[in-house]
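# Summary of structural features
Letter by letter, the chains look like this.
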Amino acid sequence: MDTGIRSSAVTRRELDAARIRPHLRHAYQRCRTLNAQHGRTYFLATRLLPAAQRPSVHALYGFARWVDDIVDETGPRSVRERQEAVDELDGELSAGLRAGSSEHPILAALIDTTWRHEIDPALFTDFMASMRMDLTVRDYPTRAELDAYVHGSAAVIGLQLLPVFGTVSPAADAAPYAAALGEAFQLTNFLRDVAEDLDRGRVYLPLDELAAFGVDRERLAWCHRTGRPDRRVRRAFADQVARTRALYRGAEPGISLLAPRSRPCVRTAFTLYGEILDCIVESGYDVFRRRVAVSGTRRFGVAAAAVSAVAAVSLRTRL
């Protein structure tokens, strides 16, 4: 069967299962396309959710990806023009959340998801604040300053997803874990994408923690130019990996607080994103010449194991 036809059939099944109204189907389809194109690990993990949950996850991811693309744009628009675009979008979002609808397809899907799952609108305010920081902030002198950015760019994503995933205990109990896991994913991205971020003029690692190992922005730039990390940078990155792994360990107990149907998805993302750190270490912290990634074979192997585990639990339940 043609891949496009198969994908369309899957999308229809997801939209049918979620009971998405006809006038919103194109909106959700657009968000799903963004997820499939830009979030390989996230998209794969999302496929482990029940079909009815997937459109809402796609809507949340699609919106975040869309805004991120605006602030990261390398085209002819100036910083001021991109700032104006973000401000306009933020205004449309606020008005749409109040009205319960929007003419823009990505906002339409996001607003529908927000109303369906009673997601706190303040989470989007925090997200947009961090996106505005990307337009002007080029580095973060301390961990506290980076944490403020990461709260809006990543922790709130975990909190937005929590009502979609569902919990077996009060959502407030699971919220700190969901926020911590979002932060761990983001910090993993920062380590993996050091070279890409330098090309954009940004450093998303706390400068004071790097300085403890004799590393500054200029040394990172030198490693980027030469295509290899030196001893100081490797030691600094080893420290950042250790800090990020500690965040994963702290977030892991929250997976058991999620609704059982959502755990395979989150566990898969947890495993695969954590293994990006392993790949960084195995490369000798060489994140300058190529983008470190978990192999496709490994990604699908982890997903297949999650599917098998779900099937085994389902079979035992029926027996």
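So, how was this worked out
- Residue positions are counted from 1 within each chain, in the order its sequence is given.
- Owing to the predicted nature of the model, reporting of local features is limited to residues with pLDDT of at least 70; listing and counting of side-chain atom pairs is limited to 80 or more, with chain, interface and lining totals taken over all residues.
- Note that water and hydrogens are dropped before the side-chain values are worked out from all heavy atoms of the structure.
- Numbering of helices and strands runs from the N terminus; a helix is a DSSP stretch of H or I covering at least four residues, while a strand is a stretch of E covering at least two.
- Under the convention used throughout, the expected extent of a helix is 1.5 Å for every residue step, that is, one less than its residue count.
- Only protein chains enter the calculation, and the probe is 1.4 Å; a residue is then buried if its accessible area is under 20% of its type maximum, exposed if over 50%, and partly exposed in between.
- In this context, the arc is that of the directions from the helix axis out to the C-beta atoms.
- Contacts are residue-level and defined by heavy atoms, with any inter-residue pair within 4.5 Å sufficient.
- Throughout, nonpolar core names a set of buried Ala, Val, Leu, Ile, Met, Phe, Trp, Tyr and Cys residues whose side chains join them through atoms within 4.5 Å.
- Here a polar contact means two N or O atoms within 3.5 Å. Within protein one must be a hydrogen donor candidate and the other an acceptor candidate, and residues neighboring in sequence count only if both atoms are side-chain atoms.
- Here the aromatic set is Phe, Tyr and Trp, taking the six-membered ring for Trp, and pairing holds for ring centres within 6.5 Å; pairs whose planes are under 30 degrees apart are stacked, those over 60 apart are edge-to-face, and all others are tilted.
- We call a charge positioned above a ring when the Lys NZ or Arg CZ atom is no farther than 6 Å from the ring centre and deviates by at most 35 degrees from the ring normal.

## Observations regarding helix α5 (residues 79-99)
The end-to-end C-alpha distance of α5, which contains 21 residues, comes to 30 Å, matching closely the 30 Å that a straight helix rising 1.5 Å per residue would cover. Among the residues making up α5, those that are buried are Arg82, Ala85, Val86, Leu89, Asp90, Leu93, Gly96 and Leu97. End-on view of α5: buried residues confined to an arc of 135°, all on one side of the axis. Set apart from the buried face of α5 by more than 90 degrees, the exposed residues are Arg80, Glu88, Arg98 and Ala99. For α5, the secondary structure elements touched by its buried residues are α4 (54-71), α6 (105-117) and α7 (122-136). Positioned one or two residues after α5, glycine 100 has a phi angle of 90°, which is positive.

## Concerning the nonpolar core
Ranked by size, the top nonpolar core spans 94 residues in total, and within it Phe63, Leu220, Phe237 and Phe288 carry the most contacts. The leading source of residues in this core is helix α14 (residues 263-282), at ten residues. Those residues in contact with phenylalanine 237, other than ones at most four positions away along the chain, are Leu191, Val194, Leu205, Leu220, Tyr285, Val287 and Phe288.

## What to know about the side chain of serine 130
Within the secondary structure layout, serine 130 lies in helix α7. Relative accessible area serves as the criterion here: at 1%, serine 130 is assigned to the buried category. Looking at serine 130, its side chain comes within polar contact range of the main-chain nitrogen of serine 153, at 3.5 Å. In contact with serine 130, not counting residues within four places along its chain, are Ala148, Tyr149, Gly152 and Ser153.

## Regarding the packing of aromatic side chains
In this structure the tally under the stated criterion is 15 aromatic pairs. Centroid distance tyrosine 140 to tyrosine 204: 6.0 Å. Interplanar angle 20°. Geometry classified as stacked. With tyrosine 140 in the loop between α7 and α8 (143-165) and tyrosine 204 in the loop between α10 (194-199) and α11 (207-211), this residue pair connects regions lying 64 residues apart in the sequence. Between the aromatic rings of tyrosine 149 and tyrosine 204, the centroid separation amounts to 5.4 Å while the plane-to-plane angle is 25°, which identifies the pairing as stacked. One end of the pair, tyrosine 149, is in helix α8; the other, tyrosine 204, is in the loop between α10 and α11, with 55 residues separating them in the sequence. Look at tyrosine 149 and you get buried, because its relative accessible area is 3%. Residue classification places tyrosine 204 among the buried positions, given a relative accessible area of 5%. Through pairs of rings, three or more aromatic residues link up here, namely Tyr42, Tyr61, Phe185, Tyr248, Phe270 and Tyr273. Across the ring face of phenylalanine 270, the terminal group of arginine 267 is positioned such that the distance to the ring centre comes to 5.4 Å.

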